[in-house]
Amino acid sequence: MVSLAHVPDIAARGLTIGYNGVKVVDKINFELAEGQAIALIGTNGSGKSTLLKTIVGLLPQLGGDLQIFGDKPGRNPKRIAYLGQFHTSGFVMPLRAADVVSMGRYPRLGLMGRMNAEDRDIVRQSMAVMDVERLADAPLRALSGGQQQRIFLAQVLAHRADLLVLDEPTAGLDVGGRERYLQAIKDELCRGASVVVATHDVQDEAALCHQVMLLAHRVVALGPPDDVLTPQALLETFGIVIGGDQKRFTVLECVHPHHEHR
Ligand SMILES: Nc1ncnc2c1ncn2[C@@H]1O[C@H](COP(=O)(O)OP(=O)(O)OP(=O)(O)O)[C@@H](O)[C@H]1O
């Protein structure tokens, strides 16, 4: 019998990513275990979104090996919640905010499935976490950019996924929105979900994530935030050093047992 106990949620070995045969980044090696988070940090155009799209199976890998839950990318959509960088659905369809959040339940329900009381409760709870309950009946297209971002984050939470793949989740969020997002992700990690997040919020995400990957069309560094976010590595990635002092980052330990809902 094959044991799945040590199969990581993501395992990339010698992975090459890119578009139409043109490489963006190669030699990507990392593993992400359940209940763990990794932040992808890098300049504009460094390959963060490309890696996320490859992980969720929207973009074929150009080479190397990539396993998601021990399988090929795209084989387990029910287990993955993906927040892309751009949201267009509200502009092509007349959706209410609550409809958008409810879509987070569809992967579990299937096309013909109807939401039951538990699904509706999860949708309500997810909206409460992002403090957008009062916007439930508003047309998505009538909301501000930050309000829409909160709605899409609520949709991700409503999925109750095993793996969250987030592209710049704090874009457009105000201070309160960021705090709510950070707390929500801590709770998702404690639930046993894993998280991969592309971000420009070095400080916030590093405090949340167990690993950081610095990207600049190549993997500049990979490891725990304290080891990776050095002035030298940041200089190599961004061409500038952020902040004068060495920042201290902490990785949060869960107080709840993992795997509760997986
Ligand atoms: N659809 C596409 N077809 C071809 N090339 C693309 C496509 N999308 C992105 N690229 C290229 O791939 C490279 C990596 O882009 P990617 O979107 O992964 O960057 P990113 O790190 O997410 O940047 P940002 O911080 O600006 O979101 C860039 O050079 C970009 O021009």
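Residues numbered from 1 in each chain as written. Predicted model: local features only at pLDDT ≥ 70, side-chain atom pairs only at ≥ 80, totals over all residues.

## Details of the overall build of the chain
And step 1. Per the secondary structure count, the chain includes ten helices and nine strands.
And step 2. Burial statistics for the chain: of 262 residues in total, 40% are counted as buried.
And step 3. In the chain, once contacts between residues fewer than 6 apart in sequence are set aside, the share between residues at least 24 apart is 68%. (Helix = DSSP H or I, 4+ residues; strand = E, 2+ residues; numbered from the N terminus. Buried ≥ 20, exposed ≤ 12 C-beta atoms within 10 Å, placed from the backbone. Contact = placed C-beta atoms within 7 Å.)

## Focus: the confidence of the model for the chain
And step 1. On average, residues of the chain carry a pLDDT of 87, and 87% of them reach 70 or more.
And step 2. With pLDDT under 50 throughout, residues 248-258 is counted as low confidence; its partners more than four residues away or in other chains account for 17 contacts. (pLDDT = per-residue confidence, 0-100.)

## A few points about the site of the ligand
And step 1. Near the ligand the following residues occur: Y19, V24, G42, N44, G45, S46, G47, K48, S49, T50, Q85 and A198.
And step 2. Looking at the shell around the ligand residue by residue, the classes come out as three nonpolar, eight polar and one charged. (Near = placed C-beta within 6 Å. Nonpolar A, V, L, I, M, F, W, Y, C, P; charged D, E, K, R; others polar.)

## As for the sheet that holds strand β3 (residues 37-42)
And step 1. Spatially, six strands are ordered β5-β6-β7-β3-β8-β9 in an open sheet, and the strand pairing comes out mixed. Of all the strands in the sheet, the pair left with one neighbour each is β5 (80-83) and β9 (219-223). On average, each strand axis in the sheet is tilted by 10° relative to the strand beside it, whichever way the strands run.
And step 2. The strands that helix α10 (residues 231-238) touches are β3, β8 (211-215) and β9; relative to β9, the one it contacts most, it runs at about 140°. (Pairing = 2+ DSSP bridges. Axes fitted to C-alpha atoms, helices over the stretch in contact; angles between N-to-C directions.)

## Here we look at the pairing of strand β7 (residues 194-199)
Each regular strand displays side chains that alternate between the two surfaces of the sheet.
And step 1. Within β7, six of the six residues are buried, which leaves it mostly tucked inside the rest of the structure.
And step 2. The alternating pattern of β7 places S194, V196 and A198 on one face and V195, V197 and T199 on the opposite face, and all of these are buried.
And step 3. For β3 and β7, the ladder comprises five bridges, and the chain directions are parallel. Each bridged residue has a counterpart across the sheet, and for I41 the counterpart in β7 is T199.
And step 4. Here five bridges tie strand β6 (residues 163-167) to β7, and the two strands are oriented parallel to one another. Residue pairing in the sheet places L163 in a bridge with S194 of β7.

## Considerations on the sheet that holds strand β1 (residues 10-19)
And step 1. Judged by pairing direction, the sheet is antiparallel, and its three strands sit side by side in the order β2-β1-β4 without closing on themselves. With one partner strand each, in any of the chains shown, β2 (22-32) and β4 (63-68) form the two edges of the open sheet. The average undirected angle you get between the axes of adjacent strands in this sheet is 35°.
And step 2. Two elements, β1 and β4, share five bridges in a ladder whose sense is antiparallel. Residue pairing in the sheet places T16 in a bridge with G63 of β4.
And step 3. The sheet strands contacting helix α1 (residues 48-56) are β1, β2 and β4, and the helix crosses β1 at an angle near 120°.

## As for the packing of helix α5 (residues 117-129) against helix α6 (residues 145-159)
And step 1. At a closest axis distance of 8 Å, the pairing of α5 and α6 adopts a crossing angle of 135°. Relative to α6, the element α5 lies oblique. The interaxial crossing formed by α5 with α6 has right-handed handedness. Between α5, through I122, V123, S126, M127 and V129, and α6, the contact on the second element is made entirely by A154, L157 and A158.
And step 2. For the contact of α5 with α6, the per-class residue count stands at seven nonpolar, one polar and no charged. (Parallel < 35°, antiparallel > 145°, perpendicular 65-115°, else oblique. Left-handed = near helix turned anticlockwise from the far one by under 90°.)

## Quick notes on unusual backbone geometry
And step 1. Of note, the phi angle at R160 is positive, near 50°, even though the residue is not glycine.
And step 2. Counting through the fold element by element, R160 comes out in the loop between α6 and β6.
And step 3. We classify R160 as partly exposed; it has 19 C-beta atoms within 10 Å.
And step 4. Positioned with a positive phi, H217 is a non-glycine residue whose angle comes to about 65°.
And step 5. For H217, the location among the structural elements is in the loop between β8 and β9.
And step 6. The class of H217 is partly exposed, set by 14 C-beta atoms lying within 10 Å.

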